[in-house]
Amino acid sequence: MEILRTLEQIQTFSKKSKESGKIIGLVPTMGALHEGHLSLVEYARRQCDVVIVSIFVNPVQFGPNEDYTMYPRCFAQDCEKLQLAGVDAVFHPTAQEMYPNGYCTYVMVDGEITHTLCGTQRPGHFRGVATVVTKLIHLAQADKAFFGQKDAQQVVVVRTFTKDLNIPCSIITVPIVRETSGLARSSRNRYLSPVERKAACILSQSLRQAKDAYIRGNHNADSLKQLVTQHLQKEPLALIDYVSLYTYPGLEPIQIISEPCLLAIAVRIGTVRLIDNVILGGDPL
Ligand code: PAF
């Protein structure tokens, strides 16, 4: 497994792979890898000849009061996991390499899809994601890029700007990987104390309840959101950021569910902000 740290190194690696006719898969990550990331790698392995995983905690997608400096960094452990998973190359640049002095170009998706859900709570977040993912896709010359369904809004944003900017890279969505308790795998789970981790199961439980109610015939968005809210409120450690239901992938408001919809939640357990979601009335993208 090659470790690439500079733009020149990744560009040389991708050029060689392209010239020998290989299909290049990119798995963009911020490191602190867990089963969810390894599932992205597994999908990429199956669909591509060469797999590049980027590990880069992207400063421009964090707000001033968010956890950029605190974000877990464990490069050596991550590399061990990726080596075992059969990854061909890891791209691990510094922030200075990606955003050198004088850097001033950003990709902004200026539609409702970035103004709802996490876009309201985290202004600038999707501009940062769109910018770094554009750069990574170009650097890797990726034919396919793999993203987890847990970040459903991110998937919509990435699909939108790759289509709008005619970037010839297929965006592949991979299902959410959960712990046996139901808790969706996330790098931020490691911040949870044992008590908080137990409390965090309330997220998936509440979504399960809503999904069951939907299957039993409740297609009313307000009623399903209320069900989730009431369930979350049973957990004293849970503080709700949002409980939202939008069409998917359009992310438009809806009252009576008659097309695939995204039921998405963001909840603080102690100081840790967790997100989770479920698709109602259809398969995820
Ligand atoms: O989902 C993430 O970990 C990040 O938003 C991504 C896609 C790696 C961009 O920094």
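Right above here is the structure, for reference.
These numbers were taken from a predicted model, which means no experiment stands behind them.

Basis of the calculations
- Residues numbered from 1 in each chain as written.
- Predicted model: local features only at pLDDT ≥ 70, side-chain atom pairs only at ≥ 80, totals over all residues.
- Heavy atoms only, no water.
- Phe/Tyr/Trp six-rings, centres within 6.5 Å; stacked < 30°, edge-to-face > 60°.
- Buried < 20%, exposed > 50% of the residue type's maximum accessible area, 1.4 Å probe, protein only.
- Lys NZ or Arg CZ within 6 Å of the ring centre and 35° of its normal.
- Near = heavy atom within 4 Å.
- Polar contact = N/O pair within 3.5 Å; in protein donor to acceptor, adjacent residues only side chain to side chain.
- Areas by Shrake-Rupley, 256 points an atom, 1.4 Å probe, with all protein chains shown as cover.
- Helix = DSSP H or I, 4+ residues; strand = E, 2+ residues; numbered from the N terminus.

1. Considerations on the packing of aromatic side chains
Applying the stated criterion across every chain, the model contains 5 aromatic pairs. Their ring planes at 85 degrees and their centres at 5.0 Å tell us that Tyr 99 and Tyr 103 sit as a pair that is edge-to-face. A relative accessible area of 23% means that Tyr 103 is categorised as partly exposed. Judged by centre distance (5.6 Å) and plane angle (80 degrees), the ring pair of Tyr 103 and Tyr 106 falls under edge-to-face. According to the relative accessible area criterion, Tyr 106 is partly exposed, its value standing at 32%. Lying over the aromatic face of Tyr 43, Arg 46 brings its terminal NZ or CZ to 5.1 Å of the ring centre. The lysine or arginine in question, Arg 127, covers the ring of Tyr 106, its NZ or CZ lying 4.0 Å from the ring centre.

2. Considerations on the site of the ligand
Neighbouring residues of the ligand: Pro 28, Thr 29, Met 30, Asn 58, Gln 61, Val 129, Val 132, Phe 147, Asp 151 and Gln 154. A distance of 2.6 Å separates an oxygen atom of the ligand from a polar atom in the side chain of Gln 61. Within the side chain of Gln 154, one N or O atom sits 2.7 Å away from an oxygen atom of the ligand. Protein contact buries 89% of the 290 Å² of open area that the ligand shows by itself.

3. Here's the deal with unusual backbone geometry
Among all residues save glycine, negative phi is the norm, and among peptide bonds the norm is trans. A cis geometry characterises the amide bond from Tyr 248 onward to Pro 249, with omega recorded as 15 degrees. The backbone phi angle of Gln 141 is positive, close to 50 degrees, even though this residue is not glycine. Turning to its location among the elements, Gln 141 is positioned in the loop between helix H6 (125-140) and strand E5 (144-148). The phi angle at Asn 166 is positive, at roughly 55 degrees, despite the residue not being glycine. Mapped onto the secondary structure, Asn 166 falls in the loop between helix H7 (152-164) and strand E6 (170-174). Judged by relative accessible area, Asn 166 falls into the exposed class, the value being 64%.

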